[in-house]
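Structural description and commentary
Residues per chain are reported as follows:
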Amino acid sequence: MPGILYVVATPIGNLEDITARALRILREVALIAAEDTRHSRKLLNHFGIHTPLISCHEHNEQQRQDTLISRLLAGESIALISDAGTPAIADPGYRLVRACHLAGVTVTPIPGASALLAALSAAGEPTDRFVFEGFLPTRAAAREAALRAICNEPRTVVCYETPHRLLAALAAIAAVWGAERPLVVARELTKLHEELFRGTVNQALEHFGAARVRGELVLILPPYAAAAPPRDLAVVLRDLLVTQRLSRKEAVKLVAKDFGVPRSDVYRISLEIDQSKGEKESA
Ligand code: SAM
């Protein structure tokens, strides 16, 4: 029987956040594949776990696959861990996991901490639908392009960010999304200096610009619809038709795209606008 690849979540700060199941699996497996073996040895020592470690990180994941899969096929079970949180979430791991599936090796998640879900759960923003953007691009032009692409996103957007890039990221959000857009910055979750900052982008720039930013960060950007002042489709359509004198076809097309509603519905509203305009004129 082949062994099992366990994808094991480890704490993102507070060591009490490791699960009882994760500790048992880390003790029982033949080998632990870790992103940084020295970093993970400290965690394992804390819990008195002496399972052998092997490195498996972004730069050697491809080469490690053969070794790990042949040991799994030979019947040894292996745990995959990253430096913190859930492996394969903005961390190495998915290639190995996919290779295991292709080789017929069972993969089992051992869920636990993840900065993404911890931040979302405490942010107080809509969570029924969200988009995880990972880290925003580091180069200014690419970052602005990425932000522009999600400017009207109807779901909550979650990004990871590093402390030394936070101010640049906030400035880019202010430039592309507007300085008054609300956001949440979750810093150092589960750690001593945990902070959940809620405010506008401008307020965040002021708050985090006051001193050197330290620690790990998650940005939560509420959906465009929730953040922007509500707009009335009929008012926008009337403005295009009556004030800006666009053709009905053009106005309907623009508004349908902008509001994400079928053109037939907008067309019907445009006829109602005509009718009420006619009634006003004949009164
Ligand atoms: N796989 C991890 C997970 O499940 O959360 C994420 C790994 S990613 C390389 C590291 C990033 O996660 C950090 O740069 C930061 O954006 C976020 N992060 C990790 N720990 C955090 C914490 N305690 N508080 C806030 N953000 C954290």
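Residues numbered from 1 in each chain as written. Predicted model: local features only at pLDDT ≥ 70, side-chain atom pairs only at ≥ 80, totals over all residues. Heavy atoms only, no water.

1. Regarding the sheet that holds strand E1 (residues 4-8)
Definition in use: Strand pairing is assigned whenever DSSP identifies at least 2 bridges connecting the two strands. The way it works is that DSSP assigns letters per residue, a run of H or I at least four long becomes a helix, a run of E at least two long becomes a strand, and they are numbered from the N terminus. Between the N-to-C directions of two axes lies an angle of 0 to 180 degrees, each axis being a line fitted to C-alpha atoms and, for a helix, fitted only over the stretch in contact. Note on contacts: a residue pair qualifies if any of its non-hydrogen atoms lie within 4.5 Å across the two residues.
Strand order in the open sheet formed by five strands is E3-E2-E4-E1-E5, and the pairing between neighbours is parallel. Edge positions in the open sheet fall to strand E3 (53-55) and strand E5 (106-110), since each of these has one partner strand only. Ignoring strand direction, the axes of neighbouring strands in this sheet form an average angle of 25°. Direction of pairing for E1 relative to E5: parallel, over a ladder of five bridges. Following the sheet pairing, Leu-5 is matched in E5 by Val-107. Against the sheet, helix H4 (residues 94-103) contacts E1, strand E4 (78-81) and E5, and its axis sits at roughly 155° relative to E1.

2. Looking at the nonpolar core
Put simply, the test is: In this text, buried Ala, Val, Leu, Ile, Met, Phe, Trp, Tyr and Cys residues form a nonpolar core when linked through side-chain atoms within 4.5 Å. Relative accessibility thresholds used throughout: buried, under 20% of the residue-type maximum; exposed, over 50%; partly exposed, between the two (1.4 Å probe, protein chains only).
By size, the foremost hydrophobic cluster in this structure holds 24 residues, and its most contacted members are Trp-177 and Phe-208. Counting residues per element, this core draws most heavily on helix H7 (residues 166-177), at eight residues. Leaving out residues up to four positions away in the same chain, Phe-208 has contacts with Leu-166, Leu-167, Leu-170, Val-185, Arg-187, Glu-195, Phe-197 and Val-213.

3. Quick notes on the domain arrangement of the chain
Just so we agree on the cut-off: Segment limits for the domains were obtained from an automatic or database-derived domain assignment. In this description, buried area is defined as the sum, over both parts, of the accessible area (probe of 1.4 Å) that is lost when the two are combined. Whenever a nitrogen or oxygen atom comes within 3.5 Å of another N or O atom, the pair is scored as a polar contact, on the condition that within protein one atom can donate a hydrogen and the other can accept it, and that pairs from neighbouring residues in sequence are kept only if both atoms are in side chains.
Segmentation of the chain into domains returns domain 1 (4-113), domain 2 (116-221) and domain 3 (233-282). With centres defined by C-alpha atoms, the gap from domain 1 to domain 2 works out at 29 Å. With six residues of domain 1 at the contact, the number on the domain 2 side is nine residues. Around 480 Å² of area is buried between domain 1 and domain 2 when both sides are counted, 68% of it from carbon and sulfur atoms. Among the residues of domain 1 in contact with domain 2, Ile-12, Ile-89 and Ala-90 are the three that bury the most area, contributing 73% of the side total. At the surface where domain 1 touches domain 2, the tally comes to one residue pair in polar contact (both at pLDDT 80 or more).

4. Description of the packing of H7 against helix H8 (residues 201-209)
We count it as follows: Here the angle decides the label: under 35 degrees means roughly parallel, over 145 means roughly antiparallel, 65 to 115 means roughly perpendicular, and every other value means oblique. Each helix crossing is assigned a hand: it is left-handed if the near helix lies turned anticlockwise from the far helix by less than a right angle, otherwise right-handed if that turn is clockwise. Residues are sorted three ways: Asp, Glu, Lys and Arg are charged, Ala, Val, Leu, Ile, Met, Phe, Trp, Tyr, Cys and Pro are nonpolar, and all the rest, Gly among them, are polar.
Remark: H7 packs on H8, axes separated minimally by 9 Å, with the N-to-C direction vectors making an angle of 160°. The orientation of H7 relative to H8 falls into the category roughly antiparallel. For the crossing formed where H7 meets H8, the hand is left-handed. Only Val-201, Ala-204, Leu-205, Phe-208 and Gly-209 of H8 make contact with H7, whose side of the interface consists of Leu-166, Leu-167, Leu-170, Ala-171, Ile-173 and Ala-174. Per-class residue counts for the contact of H7 with H8 are ten nonpolar, one polar and no charged.

5. So, the site of the ligand
Inclusion rule: If a single non-hydrogen atom of a residue is within 4 Å of a molecule or strand, that residue counts as near it. Each accessible area value is a Shrake-Rupley result obtained with a 1.4 Å probe; residue values ignore everything except the protein chains displayed when judging cover.
With respect to spatial proximity, 19 residues lie near the ligand, and among them Ile-89, Asp-91, Ala-115, Leu-189 and Leu-217 are the closest. Between the ligand and Ile-12, the relevant distance is 3.0 Å, taken from a nitrogen atom to a main-chain nitrogen or oxygen of the residue. Between the ligand and Ile-89 there is a distance of 2.8 Å, counted from a nitrogen atom to a backbone nitrogen or oxygen. Contact with the protein chains removes 90% of the 580 Å² of surface that the ligand exposes when unbound. Looking at the shell around the ligand, the elements with two or more residues in it are strand E7 (156-161) and strand E10 (217-221).

6. Points about the pairing of E4
Of the two faces of E4, the one carrying Ile-78 and Leu-80 and the one carrying Ala-79 and Ile-81 are both buried. Where E1 meets E4, three bridges bridge the pair, whose relative direction is parallel. Across the sheet, the residue bridging to Tyr-6 is Ala-79, located in E4. Judged from the four bridges that link them, strand E2 (residues 31-34) and E4 form a sheet pairing that is parallel. In the strand pairing of E4, Ile-32 is matched with Ala-79.

7. Considerations on the pattern of salt bridges
Operational definition: Whenever Lys or Arg places a side-chain nitrogen within 4 Å of a carboxyl oxygen from Asp or Glu, that contact is recorded as a salt bridge.
The full count for this structure, using the stated rule, is twelve salt bridges. Residue Arg-198 is joined to Glu-125 by a salt bridge in which the shortest nitrogen-to-oxygen separation is 3.1 Å. Remark: Glu-125 occurs in the loop between helix H5 (115-123) and strand E6 (130-135) and Arg-198 occurs in strand E9 (residues 195-200); sequence separation between them is 73 residues. Given a relative accessible area of 49%, Arg-198 falls into the partly exposed group. A salt bridge links Glu-153 to Arg-155; the nearest nitrogen and oxygen atoms lie 2.7 Å apart. Under the relative-accessibility criterion, Arg-155 is labelled partly exposed at 30%. Within this structure, Glu-188, Lys-191 and Glu-216 form a network of salt bridges that share partners.

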